[in-house]
Every structure is written in C-alpha cells, then in structure tokens.
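# Residue-level structure breakdown
Here are the chains, one letter per residue:
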Amino acid sequence: MLRTPVDETRLAILEWLRDPVAHFPARRHGDPAEDGVTAAAVGARLGVPREVAETHLALLAGLGLLRARRVRRRTHYRRDEVRIAEVARMFEKGW
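Given the structure is predicted, the values throughout are model-derived calculations rather than measurements.

### Some thoughts on the sheet that holds strand β1 (residues 37-38)
- The sheet built from 3 strands is open, its strands ordered β1-β3-β2 with antiparallel pairing. Each edge of the open sheet carries a strand with a single partner, namely β1 and β2 (66-71).

### Brief notes about the side chain of threonine 38
- Tracing the chain through its elements places threonine 38 in strand β1.
- From its side chain, threonine 38 meets the backbone nitrogen of alanine 41 in a polar contact 3.2 Å long.
- Every residue in contact with threonine 38, bar those within four places of it in the chain, is listed here: Arg27, Arg74, Thr75 and His76.

### Quick look at the nonpolar core
- Core analysis: the biggest nonpolar cluster contains 18 residues, and Ile13, Phe24, Val42, Leu57, Leu65 and Leu66 have the highest contact counts within it.
- When residues of this core are traced back to their parent elements, those giving at least two are α1 (8-18), α3 (39-46), α4 (50-62) and α5 (81-92).
- For this core, the element with the highest residue contribution is α1, accounting for 4 residues.
- Not counting residues up to four positions away in its chain, the partners in contact with leucine 66 are Leu14, Leu17, Leu57, Leu60, Ala61, Tyr77, Arg78, Arg79 and Asp80.

### Notes on the packing of α1 against α3
- The N-to-C vectors of α1 and α3 enclose an angle of 115 degrees; their axes lie 12 Å apart at closest approach. Note that α1 runs across α3; the crossing there is right-handed. For the pair α1 and α3, the contacting residues are Thr9, Ile13 and Trp16 in the first and Val42, Arg45 and Leu46 in the second.
- Residue classes in the contact of α1 with α3 are distributed as 4 nonpolar, 1 polar and 1 charged.

Reading the values: rules and limits
- Residues numbered from 1 in each chain as written.
- Predicted model: local features only at pLDDT ≥ 70, side-chain atom pairs only at ≥ 80, totals over all residues.
- Heavy atoms only, no water.
- Pairing = 2+ DSSP bridges.
- Helix = DSSP H or I, 4+ residues; strand = E, 2+ residues; numbered from the N terminus.
- Polar contact = N/O pair within 3.5 Å; in protein donor to acceptor, adjacent residues only side chain to side chain.
- Contact = heavy atoms within 4.5 Å.
- Core = buried A, V, L, I, M, F, W, Y, C linked by side-chain atoms within 4.5 Å.
- Buried < 20%, exposed > 50% of the residue type's maximum accessible area, 1.4 Å probe, protein only.
- Axes fitted to C-alpha atoms, helices over the stretch in contact; angles between N-to-C directions.
- Left-handed = near helix turned anticlockwise from the far one by under 90°.
- Nonpolar A, V, L, I, M, F, W, Y, C, P; charged D, E, K, R; others polar.

Next up, the structure:
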C-alpha cells in the first residue's frame, strides 16, 4: 500500500464513494448506496474511458479500500469503511 503512488484521482473516487447517491445517478440495476457504482459510472464522472476507471478501481480494491460485488453482468464498487478506518488508525499511530 505504501508503494502505491498517491493519486488525486483515486482520492476523489474514494471521496465520491463516501456518498455515492450524491455523486452518481441512480441505475436501473443496482443501488449506488447498497451495491456501489460501476467503472462506467466512475469513468463518466472522471471524463475518462471505462478501462481507465477500472484500473483505478482495481488498484483501490486490491489495497482493500473498496469492495467489489457483481450485480448482473457488471462489477459494482463501494468503500470498505472498516478497512479504511484501520488504515487511518495505522497512519495516526505513526506507522
């Protein structure tokens, strides 16, 4: 985790996913608050292709900061609040 470069884009994604209903439109399948948002929705918000958004989301999920869940044929991402709190505590302790 410490070797991953800090990126404003990934920080913005984490912030948006704190309140996905406020930052992403409702979808026919999958509730943004319950299920999370798709890479296509994140890409549209960022103004980048879905594949670029998938790269950012996969990195955050690999670090354990996001949880991925399949809803129909799409992967939805949402914050893992427990893991984010653990990481925050590690940095508060000076780790």
